[in-house]
Amino acid sequence: MENLDKNNVPQQAMRGRENFLKKIIKSNKALHALIYKILRCNRFVFILRNSRLNTDSLFETIAIETCSICNRKCSFCPMNQDTTPKGLMSNELFDKIIRELKEISFKGDVAFSNYGEPLLDKRIVDFTKKVKKELGNRVMFSTNGDFLTPQKFRELISAGFDIFHVSQHDSEPSKTIKDLFSKTSPQEWKYISYEIVKNDSVTLTNRGGLVEVKTYYPFYCALRHVIVRANGEVSFCCNDYYNEVKLGNIKQEKLIDIWNKPLYRQIRNEIKRGIFNLPICKRCRGILPQKS
């Protein structure tokens, strides 16, 4: 491969959609940590940033976990110690979600990921085509890249896929990723967003107190983002791995009805104001000890 940086990652991929200032900050670990603490770990900055956010309005993005299976056991992920059964979302449940999103004229981003590895779901191409046909929304996912071959990459692009968020968890890119990068044309880099995610990453969290990581306890909550797990459960937060906060299941309820529940509204509005009353939030913030 040509044009590699010190971590054997193509500079085009590392740039992704970052602006010039972000690239300078991330290139300096000390500066990155300082800026991160100021902007992501400051309660008042968090409140100011969300002051105009209407958390009662419709969600802006949705994560649909079509696959809860992962081929890796990363130390910073709760899946490394979880033995509960994993599986795929049923076709009927996926169709119900898309149908309900169409009913409410949802225009935001659709992500096929949460905790599982989306490329382990062989239906991902068909699901992408369905979203594009029924909704026309942007489609993306986060992947470890272990199965992102050049063929699969181009197949998904042809289906209408928009953004591949690829994470490197080892000291250097996997063989599959190196192969993809070596065969990616200049026109195709626009589809790739690449980052290195390891146990000493400044952006990692303790997943609601489930894992031990070096963390700065960031105030980062996507308040207009909804997550639907493979079993139909709706999670209020990407850190709520075990669905500790019970909001509802779309097998029995409509997604929009769950989103508009008084409890869900209350949680979003409190967090917007920097109020973290839930035990999982306090563990995430380091106020309570980790969950044993």
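Residues numbered from 1 in each chain as written. Predicted model: local features only at pLDDT ≥ 70, side-chain atom pairs only at ≥ 80, totals over all residues. Heavy atoms only, no water.

A. A look at the nonpolar core. Counting 56 residues, the largest nonpolar core has Ile-62, Phe-112 and Phe-164 as the members making the most contacts within it. The leading source of residues in this core is helix H5 (residues 91-103), at five residues. Beyond its immediate sequence surroundings of up to four residues, Ile-62 is in contact with Ile-97, Leu-101, Phe-106, Asp-109, Val-110, Ala-111, His-225, Val-226, Val-228 and Leu-255. Residues Cys-74, Phe-76, Cys-77 and Leu-204 belong to the second largest nonpolar core, which totals 11 residues. (Core = buried A, V, L, I, M, F, W, Y, C linked by side-chain atoms within 4.5 Å. Buried < 20%, exposed > 50% of the residue type's maximum accessible area, 1.4 Å probe, protein only. Helix = DSSP H or I, 4+ residues; strand = E, 2+ residues; numbered from the N terminus. Contact = heavy atoms within 4.5 Å.)

B. Geometry of the packing of aromatic side chains. Scanning all chains against the criterion turns up 18 aromatic pairs. Between Phe-94 and Phe-112 the ring centres are 5.9 Å apart and the planes differ by 55 degrees, which places this aromatic pair in the tilted class. A residue pair is termed long-range when its members are at least 10 positions apart, and Phe-94 in helix H5 and Phe-112 in the loop between strand S2 (109-111) and helix H6 (124-134) qualify at 18 residues. With relative accessibility at 0%, the residue Phe-94 sits in the buried group. By relative accessible area, Phe-112 is classed as buried at 1%. (Phe/Tyr/Trp six-rings, centres within 6.5 Å; stacked < 30°, edge-to-face > 60°.)

C. How the structure looks around the layout of surface pockets. Taken as a whole, the second largest pocket holds about 280 Å³ of empty space. Lining the second largest pocket we find 17 residues, and of these Thr-84, Pro-85, Arg-229, Asn-231 and Tyr-241 sit closest to its centre. Classifying every residue of the lining of the second largest pocket by side-chain character gives seven nonpolar, five polar and five charged. (1 Å grid on protein atoms, 1.4 Å probe; cavity = no way out; pocket = protein on both sides within 12 Å on 5 of 7 lines; lining within 4 Å. Points joined across faces, edges and corners; volume = space filled by probe spheres on them. Nonpolar A, V, L, I, M, F, W, Y, C, P; charged D, E, K, R; others polar.)

D. Examining a nonpolar patch on the surface more closely. Where nonpolar side chains cluster on the molecular surface, the patch consists of Ile-24, Leu-31, Leu-34, Ile-38 and Leu-39 and spans about 410 Å² of accessible area. Per-element tally for the nonpolar patch: the top contributor is helix H3 (residues 29-40), with four residues. Within the secondary structure layout, Leu-31 lies in helix H3. (Patch = residues over 30% accessible without salt bridge, like charges linked within 9 Å, V, L, I, M, F, W, Y side chains within 5 Å. Areas by Shrake-Rupley, 256 points an atom, 1.4 Å probe, with all protein chains shown as cover. Salt bridge = Lys/Arg side-chain N within 4 Å of Asp/Glu carboxyl O.)

E. Fine view of empty space enclosed by the protein. Per the stated rule, a full pass over the model turns up two cavities of 30 Å³ or more. No other element matches strand S4 (residues 163-168), which puts three residues into the lining of the largest cavity. For the second largest cavity, the full set of lining residues is Gly-208, Leu-210, Asn-239, Asp-240, Tyr-241, Tyr-242, Glu-244, Ile-280, Arg-283 and Lys-291. Its residues assigned to classes, the lining of the second largest cavity shows four nonpolar, two polar and four charged.

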